[in-house]
Amino acid sequence: MRAGWSYVGRRALFALITILVAISLNFVLFRLAPGDRTSALRCQACTAEFKEQMRADFGLDKSIPEQYVLYMRQTLTGDLGSSFVTQQPVTGDLWKAIRNTVPMILLGTVISIALGLITGVVAAWRRGTLVDRGSVWTGLLFYSLPTQWLALMLILYVATPLGLPTSDIGDPYLAYSNPGWWPELVDRLRHMILPAATIGLVLFGEYTLIVRSSMLEALGEDYIMTARAKGLSNWQIVTRHALRNSLLPIVTLIFLSLGFIFGGTVLIETVFNYPGIGLEIYQSVYDRDYPVLQAGFLLLTVSVVVMNFLADLLYFKLDPRVTE
Amino acid sequence: MKRILTLLLAIVVASAIAACGGGESTTPDQGGGGSSAGGGDNAAPAVQPGGIFRMGTTSGPDSINPFVSYSALSYILYTETYPTLVQYGEDFEIEGDWAESWETSDDGLVWTFTLKQGGAWSDGTPMTAEDAAFTGNLIIQYADGPASMLAPFLTYAQKVEAPDPNTVVITYEKPVGNVLPQLQQFFILPKHVVEPVVGNKGKGLKKWDPVAGGSQVGGGTFFIKQYEEKGTTILERNPGYYGTPANVDAVGVTVYQNADAMLAALDGGQLDAVDSLPPTLVSKYENDAKYQLQIGDSTFIYDIGFNSNPDKPKRKELLDPKVREALAHGVNREAIIDTVLNGYGKPAATMFTSLSGQWLNTDIQPEAFDLDLGNQILDDLGYAKGSDGIRSTPDGGKMEYEVITPDSVDGLDRMFEIIAADWEQLGVKVTQKKMDGTAAFEAIGAPDWKYEDFDIMMWDWVGYIDPDFMLSVITCDQWGGWSDTGYCNPAYDELYKQQATTVDQEARRAIVWEMQQIQYDDKPYIQIAQTLNIAAYTADWTNLKDPFLLGLSKIPWEQIGRAQG
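Residues numbered from 1 in each chain as written. Chains lettered and ligands numbered in written order. Predicted model: local features only at pLDDT ≥ 70, side-chain atom pairs only at ≥ 80, totals over all residues. Heavy atoms only, no water.

Asks: Give a detailed account of the overall build of chain A, specifying residues and quantitative values.
Replies: Looking only at helices and strands, chain A has 12 helices and 0 strands in total. Written out in order from the N terminus, the α and β elements of chain A read α-α-α-α-α-α-α-α-α-α-α-α. Projected onto its principal axes, the C-alpha coordinates of chain A cover approximately 85 × 60 × 35 Å. Per-residue burial over chain A gives 50% buried out of 324 residues. Long-range contacts, defined here as pairs at least 24 residues apart, represent 75% of the contacts in chain A between residues at least 6 apart. (Helix = DSSP H or I, 4+ residues; strand = E, 2+ residues; numbered from the N terminus. Buried < 20%, exposed > 50% of the residue type's maximum accessible area, 1.4 Å probe, protein only. Contact = heavy atoms within 4.5 Å.)

Quick look at the structure:
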């Protein structure tokens, strides 16, 4: 068990160091970019004196090491600065964006897992048949499609026939009819469907391949033969025995991909104008809004590192061999 | 696995419920103005009272803080939510907005405005002349600091006074030729809201959040109830508005990142109007009885700009107006309008359009598309064609140039292809250098706003009715500011100052025409085409008159509504 805790400690330390390096890289990268916080104040006609005062207010008149210490202190205490564009604290804007993105990502992940499980299990069960090849190739095809193209196709060919919204997180005018929480919830879910479906369709192939290969491995085990000999139905063999024993790689894949999906939402949220973290980052690149970009990149890094760490912990919990 | 799926679904639902909780349920004020088409316009069709007008756009606001924002939609929001002394009417003639009447002193230095009575800010605080005096003096005081973006609207103003609650007096340093057109964008802010945020040396103004208290305190037709920079901004009717109240209860503006999503929302009944329809889709909507199109002039002009810095170190042949003239004869405006704008454009010769009225110099016509003439001019200048068909310059260089284009302007790629193919026949080879807008602007000024590196760019300008701003962008003072050509001509600058202080409008017109002629002769730009604005709205809405949604004048909301019956 001691070896196990040492494993967790090492992974935690590694995660912490990665985050600290990412924070420091953020400091360097955005100071190498042209312009500084004062150049984005739309103050072309301002006097040099006023600009200098603003620089002093932002701490830009200090030496680089002093700025680094100040930056680290602010970042570690949760102060990520103010947006160049809105002049409002970045933390509030990002928090709002995250709250919008997380449910959409989770729904997308649920869709991808469900599709991946169905196609993966069917492919493994009907190995070598047309169904197997069809499932795998369909998964790979969607996995290879450009995300933004697939999103546009959903807008052009799915949104109107199904009456699904193509923008925003909810009907902005719904509040005027005081509908209550249930219609509001339904409305939110309707707005989530197309962006989440895009995530689901793009990612399910990953799960198809993993489920298929681990199912094939499980289906070749002796206990499956025993189950057959006992006269269990196919359904029982798959759900009770084969699938349960194939889940380990899928669970870790879920956590690993959750971290990366945060970054991948930039394209999806931009096409669907979904006001989450991806759209926030896209807009900030356009506006050269360095504080928001800095905080956005930090968040993406932290999400990948934390999800990887959680995957490690789960592996530790689920697979005793790790601690041996 | 089932547990994980259930858990994920539960989190999705819980998060969505939590997100729902953020929105406060409100009902817009039903009082005031809820009658059929008012406004005293008996010719306007009757409309149903109330309702919400939902508009889509792909060019959203960048902020609703007037000390920070610069996007066109932000200014449209200010026009609808803050009082101005005067405004353009439907025919672009200046008329009173908050001001009922005004008079000028004999020397043209003192302008006295009498305000309409009874106006109130949306939070119920009475509007008085003190608000105008406060805003004006704030802008004057911080003109070269935090208020620099608003200062041009009070150029040469010395002070703004409020001798009584209904009188505003503006005193100018010298007579100004365009006082009223400039005041059309002097947005008056609520003193009781702004004064506490001014801060040390006005620095608080740059950080002001007008919706910090839940909603904006507005004094125009509407106030901003909800602001979402990348989502939907909702304007609700201001119950204390000093003019004829809007017929609709609220107006929503939703920002889309692409036109496809916006049009899908229009088709799906989630929008009532879109402010700009791609020209290629006009035929789809004009043949559909569910929609009405509104096609009218705009002040949007595509142009080709040349680096006009007389001290640019390389490829100096492009400084020669004759070379530019030859290239201008290689611009096939007709083909560009037909192909890129699907016919919804007009050839342009100067920075002004027909919307500028008397200020457009109608003596100037676009250069004819004539490749033979263009070749002849370049031959006469001694730029001989080589075996590859590309001309050489006297210093041994080839006439090969990069053309900077911003990726944010629709249509430029195809336009560039057409021009490049024709210029190749002139013996001039150009390649496109596409960049995002900010990077393109920096590349034009490089290095450090000395305008030394770039040769040619393609972009656009969107002007105002009054010519002052468009004339200013090529003055020497605008290096590092609005200038995207590095043009600097002291004689032109002198005329610019003269027009600004010439009160006699006929004399001012003559100066403005002369300046357009100088610009046409020197050719820092070759103007390509003016676009037409194409708005689409569902057929059940009525009285959305041209130039609705252009942002050049106040929208007659008192007449707009769903048609009765």
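Asks: With reference to specific residues and values, describe unusual backbone geometry.
Replies: Residue and element names in this part refer to chain B. Here the amide bond leading from Ala446 into Pro447 is cis, since omega sits at -10 degrees, within 30 degrees of zero. Phi angles above zero are rare outside glycine, and Lys201 is one such case at about 55 degrees. Take Lys201: it is sitting in the loop between helix H5 (191-194) and helix H6 (203-206). When its relative accessible area of 43% is taken as the criterion, Lys201 is described as partly exposed. The backbone phi angle of Asn543 is positive, close to 70 degrees, even though this residue is not glycine. In this structure, Asn543 sits in the loop between strand S18 (541-542) and strand S19 (561-562). Asn543 gets classed as buried once you look at its relative accessible area, which sits at 8%.

Asks: How would you summarise the environment of Leu130(A) if you had to cite specific residues and measurements?
Replies: All names here are of chain A. In this fold, Leu130 is placed in helix H5 (residues 130-144). The class of Leu130 is exposed, set by a relative accessible area of 67%. With 178 residues separating them along the chain, Leu130 and Asn308 place their C-alpha atoms 36 Å apart.

Asks: For the nonpolar core, give the residues involved together with the corresponding values.
Replies: One finds Ile304(B), Leu327(B), Trp423(B), Val430(B), Ile456(B), Met458(B) and Ile528(B) to be the most contacted residues of the largest nonpolar core, which totals 65 residues. Take this core: its biggest share by element is 7 residues, from helix H12 (residues 412-425) of chain B. Leave out the neighbours within four places in its chain, and Ile528(B) touches Tyr302(B), Asp303(B), Ile304(B), Val331(B), Arg333(B), Ile336(B), Lys346(B), Pro347(B), Ala348(B), Met415(B), Ile419(B) and Met458(B). With 64 residues, the next largest nonpolar core counts Leu107(A), Leu117(A), Ala151(A) and Met215(A) among its residues. (Core = buried A, V, L, I, M, F, W, Y, C linked by side-chain atoms within 4.5 Å.)

Asks: If you had to explain the sheet that holds strand S5 (residues 110-115) of chain B to someone new, which residues and values would you point to?
Replies: In a beta sheet, neighbouring strands pair by backbone hydrogen bonds and run either parallel or antiparallel. All names here are of chain B. The strand order across the open sheet formed by 4 strands is S4-S5-S7-S6, and the pairing between neighbours is antiparallel. In this open sheet, the two edge strands, each paired with only one partner strand, are strand S4 (99-104) and strand S6 (157-164). In this sheet, neighbouring strand axes are inclined to one another by 20 degrees on average, regardless of whether the strands run parallel or antiparallel. Bridging between S4 and S5 involves 5 bridges; their strand directions are antiparallel. Following the sheet pairing, Thr104 is matched in S5 by Trp111. (Pairing = 2+ DSSP bridges. Axes fitted to C-alpha atoms, helices over the stretch in contact; angles between N-to-C directions.)

Asks: Now, about the state of the cysteines: what can you tell me, with residues and values included?
Replies: All names here are of chain B. Scanning the model with the defined rule gives 1 disulfide over all chains in all. Paired by a disulfide, Cys476 and Cys488 hold their sulfur atoms 2.0 Å apart. Torsion about the S-S bond of the Cys476 and Cys488 cystine: about 100 degrees, corresponding to right-handed handedness. Within this pair, whereas Cys476 is found in the loop between helix H14 (468-472) and helix H15 (490-500), its partner Cys488 is found in the loop between H14 and H15, the two being separated by 12 residues in sequence. For Cys488, a relative accessible area of 32% puts it in the partly exposed group. (Disulfide = S-S within 2.5 Å.)

Asks: Go over helix H2 (residues 72-81) of chain B with me, naming the residues and quoting the values.
Replies: Each α-helix turn comprises 3.6 residues. Residues three or four places apart therefore point the same way. Residues and elements named next belong to chain B. The buried count for H2 comes to 9 of 10 residues, which makes it a mostly enclosed element. Considered for burial, the residues of H2 that qualify are Leu73, Ser74, Tyr75, Ile76, Leu77, Tyr78, Thr79, Glu80 and Thr81. Lining the buried residues of H2 we find strand S1 (52-57), strand S2 (86-88), strand S8 (222-226), strand S9 (232-237) and strand S10 (250-255).

Asks: If you had to explain the pairing of strand S17 (residues 525-538) of chain B to someone new, which residues and values would you point to?
Replies: Residue and element names in this part refer to chain B. Among the 14 residues that make up S17, 14 are buried, leaving the element largely enclosed by the rest of the structure. Pairing of strand S11 (residues 273-274) with S17 involves 2 bridges; the strand directions are antiparallel. The partner of Ala273 across the bridge, within S17, is Tyr537. Pairing between strand S12 (residues 291-306) and S17: 12 bridges, direction antiparallel. What sits directly across from Tyr291, in S17, is Thr538.

Geometry only, nothing functional implied.
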